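Topology and contacts: notes
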Amino acid sequence: RYNSSDIWFLRFNIDPGHNFMAIGNQVGQVYVYDLTSLKGSKEACKLHHSQCTCTVRQTAISHDSRTVLAVTEDGSIWRWDACK
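This structure is a prediction, so every number in the text was calculated from the model and none was measured.

With respect to the nonpolar core
One finds Ala22, Val30, Val32, Leu47, Cys52, Val56, Ile61, Val68, Ala70, Trp78 and Trp80 forming the largest nonpolar core, which totals 11 residues. Put simply, the parts of the chain that give this core at least two residues each are strand S3 (30–34), strand S5 (56–61), strand S6 (67–72) and strand S7 (77–81). Not counting the four nearest positions on each side in its chain, Val68 is found in contact with Ala22, Val30, Val32, Leu47, Ala60, Ile61, Trp78, Arg79 and Trp80.

Some details on the layout of surface pockets
Space inside the largest pocket adds up to approximately 170 Å³. As for the largest pocket, its lining consists of 13 residues, of which Val32, Cys45, Ser65, Val68 and Ala82 are closest to the centre. For the lining of the largest pocket, the elements supplying multiple residues, two or more each, are strand S4 (42–47), S6 and S7. If you tally residues by element for the lining of the largest pocket, the top one is S4, at three residues. For the lining of the largest pocket, the class distribution of residues is nine nonpolar, two polar and two charged.

Here's the deal with the sheet that holds S7
With antiparallel pairing, the three strands of this open sheet are ordered in space as S5-S6-S7. Each of the sheet's edge strands pairs with one partner strand only, and the pair in question is S5 and S7. Neighbour to neighbour, the strand axes of the sheet diverge by 20° on average, direction disregarded. Two elements, S5 and S6, share five bridges in a ladder whose sense is antiparallel. Bridge pairing links Ala60 to Leu69 in S6.

Some words on the pattern of salt bridges
Charged atoms that come close allow side chains of opposite charge to pair. Summed over all chains, the structure comprises two salt bridges. Taking the shortest distance from any N to any O, the salt bridge between Glu73 and Arg57 comes out at 2.5 Å. Taken together, the residues Glu73 in the loop between S6 and S7 and Arg57 in strand S5 connect sequence positions 16 residues apart. For Arg57, a relative accessible area of 17% corresponds to the buried category. The closest approach of N and O atoms between Asp81 and Arg79, which form a salt bridge, is 2.9 Å. Residue Asp81 is classed as partly exposed on the basis of its relative accessible area, which comes to 45%.

Quick word on unusual backbone geometry
Leave glycine aside and you will find that most residues have negative phi; peptide bonds, for their part, are mostly trans. Backbone geometry places His18, a non-glycine residue, at a positive phi of 60°. Tracing the backbone shows His18 in the loop between strand S1 (13–14) and strand S2 (20–24). Overall, the relative accessible area of 57% leaves His18 in the exposed class. Its identity is not glycine, yet Ser65 carries a phi of approximately 65°, on the positive side. Structurally, the position occupied by Ser65 is in the loop between S5 and S6. With a relative accessible area of 24%, Ser65 lands in the partly exposed category.

Quick notes on the rules
Residues numbered from 1 in each chain as written. Predicted model: local features only at pLDDT ≥ 70, side-chain atom pairs only at ≥ 80, totals over all residues. Heavy atoms only, no water. Core = buried A, V, L, I, M, F, W, Y, C linked by side-chain atoms within 4.5 Å. Buried < 20%, exposed > 50% of the residue type's maximum accessible area, 1.4 Å probe, protein only. Helix = DSSP H or I, 4+ residues; strand = E, 2+ residues; numbered from the N terminus. Contact = heavy atoms within 4.5 Å. 1 Å grid on protein atoms, 1.4 Å probe; cavity = no way out; pocket = protein on both sides within 12 Å on 5 of 7 lines; lining within 4 Å. Points joined across faces, edges and corners; volume = space filled by probe spheres on them. Nonpolar A, V, L, I, M, F, W, Y, C, P; charged D, E, K, R; others polar. Pairing = 2+ DSSP bridges. Axes fitted to C-alpha atoms, helices over the stretch in contact; angles between N-to-C directions. Salt bridge = Lys/Arg side-chain N within 4 Å of Asp/Glu carboxyl O.

In structure tokens, the structure reads:
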């Protein structure tokens, strides 16, 4: 179940290799799902920051799937990079 998302639109993004999907919610969290799982899409991780509390309207995943961007309703852009 996808929590804190009872608004009329949120844009999600799938990486170019079709391995991951990222989508935000109303409380500034971004969920990244692993689409390669044999049991269906499982939640890979939840990205958040204490200062990101607005609705995430759109997400983007980089071509190498190592960076996720989120654009919030207040015009902020948030970036998360994979750790090595």
